[in-house]
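Residues per chain are reported as follows:
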Amino acid sequence: MSLLEENQSTDLEQMVGLSRRRFISAGALCGAAMFLGGNLLSRSALAAGVSEASSKLLGFASIPAATADSISLPPGYKSSVLISWGQPLQAGGPAFDPSGKGSAEAQEVQFGDNNDGMSLFPMPGDGNRALMAINNEYTNYRYLFDHGQAPQSAEDVRKALASEGVSVIEVQHKNGQWQFVQGSKYNRRIHGNTPIRLGGPAAGHDWLKTAADATGTKVLGTFQNCANGMTPWGTYLTCEENFTDCFGSSNAEQKFDAGIKRYGAVVASKEINWHQHDERFDLAKNPNEINRHGWVVEIDPFDPQSTPVKRTALGRFKHENAALTETKDGRAVVYMGDDERGEFIYKFISRDKINHKNAKANRDLLDHGTLYVARFDGGDSNPDHPKGKGEWVELSHGKHGIDASSGFASQAEVLIHARLAASVIKATRMDRPEWIVVSPKDGKVYCTLTNNVKRGDDGQPVGGPNPRAKNQYGQILRWQESGDDAAAMSFAWDLFVVAGNPSVHAGTPQGGSSNITPQHMFNSPDGLGFDKAGRLWILTDGDMSNAGDFAGMGNNQMLCADPHSGEIRRFMVGPIGCEVTGISFSPDQRTLFVGIQHPGENGGSTFPEHLPNGKPRSSVMVISREDGGIVGA
Ligand code: FEO
Ligand code: CA
Ligand code: CA
């Protein structure tokens with residue numbers, strides 16, 4: 001429907017979209033209309049008046065947008081720092097050096113930079129202790145090095161590699177608050193030079209062999225670790241996202257094959273520039289090293305000596321996160337998004353059932369199974385709340401034309417070039433799939449489609465779950481598997497919310513769906529998390545200019561939604577220049593851990609210490625209620 005047609009509707013139901021606004025009950029609507037004296041103000045004023053009173057799930061007062069260099073929270077909430085970039089993990093370890101002159105060796109035993117996805121693992125038998133595995137996605141040379149530039153030496157590259165990967169830390173509830181336990185035997189860094197094993201169908205394939213590893217099964221490091229997953233058997237999944245940015249070529253004339261091109265590597269290495277000082281990242285000298293990255297990596301946080309494993313059965317792409325659930329017959333399911341404009345949503349189903357009695361029996365469960373990719377129909381074109389159907393299509397060699405005729409010699413090749421295989425079966429090109437989460441209440445699956453300013457160009461049709469051309473605000477997709485079984489090959493989808501700016505643009509699509517109001521608007525939803533009660537937490541990584549199309553949105557933030565009513569309230573605003581990413585809860589739901597990544601990305605922040613001329617430091621924050629109650633309730 002065009003914007004003009006949308007705006008021609010004049011009756012009450014169309015103005016507030018009663019039938020389409022799942023979050024407004026008829027009773028609440030009457031109340032709001034009465035409250036407003038029957039004078040139908042803007043749809044947003046009405047929606048806001050209703051929303052404040054409508055959700056029983058959301059028990060906090062929403063807060064306004066903010067542009068301060070601090071954390072904003074609802075009244076009655078407090079925050080503190082759990083851990084920040086550079087903090088030494090071991091007692092007596094090298095202290096954080098704000099000058100940027102700290103060594104690579106020091107960074108290898110300090111908390112990594114730009115924390116992202118994280119999971120909390122309760123310590124068996126002790127409710128006051130837990131381990132946290134926390135991704136360190138990338139680094140900001142502006143702060144990492146005293147020279148503030150791209151790496152100038154092999155030592156600089158080693159330091160950058162040391163700042164990424166994963167940090168495993170112990171946390172303890174002490175003196176009424178969760179705290180980092182420096183010196184715990186569990187504290188560990190897994191970084192860009194840590195030995196890792198390759199497992200699954202692609203392990204040992206010729207395309208994974210290098211001069212340093214003739215077996216194609218042993219790789220150094222994991223980096224660009226975006227978001228995460230947690231298995232029911234107590235292991236952590238870390239997802240390698242923008243790995244191609246780390247590679248470049250010393251041969252300015254080098255021609256790349258279809259695989260390298262599709263994954264987006266370029267000769268100049270997109271500013272990361274490791275290849276100039278470490279041949280491992282030089283595509284002219286080590287053309288296969290790039291194939292050893294772009295995977296989901298499984299880590300046992302309880303065994304500091306364990307070797308992490310890259311699970312190739314889950315496919316190689318720019319992994320955002322890995323959302324675990326279970327089929328009705330007990331097999332593991334992993335939902336995964338590939339965060340690039342026009343890339344796909346995947347689902348992996350394990351061959352074997354999860355053993356809930358013996359965690360170790362699941363050690364290689366993720367090495368055997370089937371990968372699928374999602375295909376969506378065009379939906380019903382309802383601009384406020386589109387919905388439709390979809391199907392999962394198997395990505396197995398020999399099926400659906402994925403074979404020698406389309407350039408694939410084996411399943412290993414299908415997995416290494418999962419993007420190319422998914423294109424053979426014409427999977428739906430999405431608006432940058434970021435996090436996926438599964439509701440603990442009803443099994444519905446939610447996925448952020450963060451934005452895609454190329455939607456409408458470049459062979460990416462407008463429609464279905466990607467309904468908006470030049471999509472600068474993003475949306476949250478939801479689907480329900482047929483028969484409520486994650487093993488299903490079909491599903492029904494709808495858009496839970498279409499973000500927008502109703503204070504700048506009237507109506508859909510740019511003003512957003514009806515559960516977007518000027519009081520609670522945001523752009524570029526990215527991180528997602530469910531708490532045990534079924535509240536959906538939404539974390540943003542968007543345009544924080546607070547101007548033009550983004551006027552009134554302020555800094556990046558965290559919101560909380562009622563999945564049934566559709567109501568969304570703003571819960572937290574982060575400091576200047578940050579992205580809010582990474583979320584976890586204490587088992588009692590009275591503490592929320594949230595990540596503040598790259599505060600002061602472009603300067604202007606000294607968060608969290610606010611020292612004179614101090615450096616901003618990415619940090620994990622501890623959020624709780626002053627009365628000790630359940631967060632969000
Ligand atoms: Fe690391 Fe797509 O976010
Ligand atoms: Ca993200
Ligand atoms: Ca993002």
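These lines cover the structure that appears in this document, whether it is placed above or below. (Residues numbered from 1 in each chain as written. Chains lettered and ligands numbered in written order. Predicted model: local features only at pLDDT ≥ 70, side-chain atom pairs only at ≥ 80, totals over all residues. Heavy atoms only, no water.)

Things to note about the side chain of S249
Topologically, S249 is positioned in the loop between strand 10 (236-240) and helix 8 (258-263). A relative accessible area of 6% places S249 in the buried class. In terms of polar contacts, S249 uses its side chain to reach the side chain of Q254, at 2.4 Å. If sequence neighbours within four positions are ignored, S249 has contacts with Q254, V267, H275, D282, L283 and A284. (Helix = DSSP H or I, 4+ residues; strand = E, 2+ residues; numbered from the N terminus. Buried < 20%, exposed > 50% of the residue type's maximum accessible area, 1.4 Å probe, protein only. Polar contact = N/O pair within 3.5 Å; in protein donor to acceptor, adjacent residues only side chain to side chain. Contact = heavy atoms within 4.5 Å.)

Thoughts on the coordination of the calcium ion (ligand 3)
At the metal site, the calcium ion (ligand 3) is ligated by E434 (OE), D526 (OD) and D541 (OD), and these contacts range over 2.3 Å. Positions of the donor residues of the calcium ion (ligand 3) along the chain correspond to the pattern E-x91-D-x14-D. The distance between the calcium ion (ligand 3) and the calcium ion (ligand 2) is 3.8 Å, with E434 acting as a donor to both metals. Within this pair, whereas E434 is found in strand 18 (residues 433-438), its partner D541 is found in the loop between strand 23 (536-540) and strand 24 (557-561), the two being separated by 107 residues in sequence. Take D541: its relative accessible area is 26%, and that puts it in the partly exposed class. (Donors = N, O, S within 2.8 Å, 3.2 Å for Na, K, Ca; no water.)

Things to note about empty space enclosed by the protein
Taken as a whole and judged by the stated rule, the model has 4 cavities of 30 Å³ or more. In this structure, the largest cavity spans a volume of roughly 70 Å³. In the lining of the largest cavity, the residues fall into 4 nonpolar, 4 polar and 3 charged. (1 Å grid on protein atoms, 1.4 Å probe; cavity = no way out; pocket = protein on both sides within 12 Å on 5 of 7 lines; lining within 4 Å. Points joined across faces, edges and corners; volume = space filled by probe spheres on them. Nonpolar A, V, L, I, M, F, W, Y, C, P; charged D, E, K, R; others polar.)

Thoughts on the side chain of T312
Structurally, the position occupied by T312 is in the loop between strand 12 (309-311) and strand 13 (319-326). Setting aside residues up to four positions removed in sequence, T312 forms contacts with L198, G199, G200, P201, A202, A203, W295 and L415.

Examining unusual backbone geometry
In this chain, T508 is followed by P509 through a cis amide linkage whose omega measures 0°. Structurally, P509 is set in the loop between strand 21 (490-498) and strand 22 (525-530). Of the consecutive residues F607 and P608, the connecting peptide bond is found in the cis state with omega at 0°. Following the sequence through the fold, P608 ends up in the loop between strand 27 (591-597) and strand 28 (619-625). In this model, N546 sits at a positive phi of 60°, which is unusual for a non-glycine residue. On the accessibility criterion, N546 (29% relative accessible area) is partly exposed. The phi dihedral of Q589 falls on the positive side, at around 65°, and the residue is not glycine. You can see Q589 is positioned in the loop between strand 26 (579-585) and strand 27.

Thoughts on the layout of surface pockets
Considered as a void within the structure, the largest pocket measures approximately 1,200 Å³ in volume. Forming the walls of the largest pocket are 43 residues, and the residues nearest its centre are Y138, N242, D245, R432 and E601. Partitioned by chemical class, the residues of the lining of the largest pocket number 9 nonpolar, 14 polar and 20 charged. Reported here for the second largest pocket is a volume of approximately 910 Å³.

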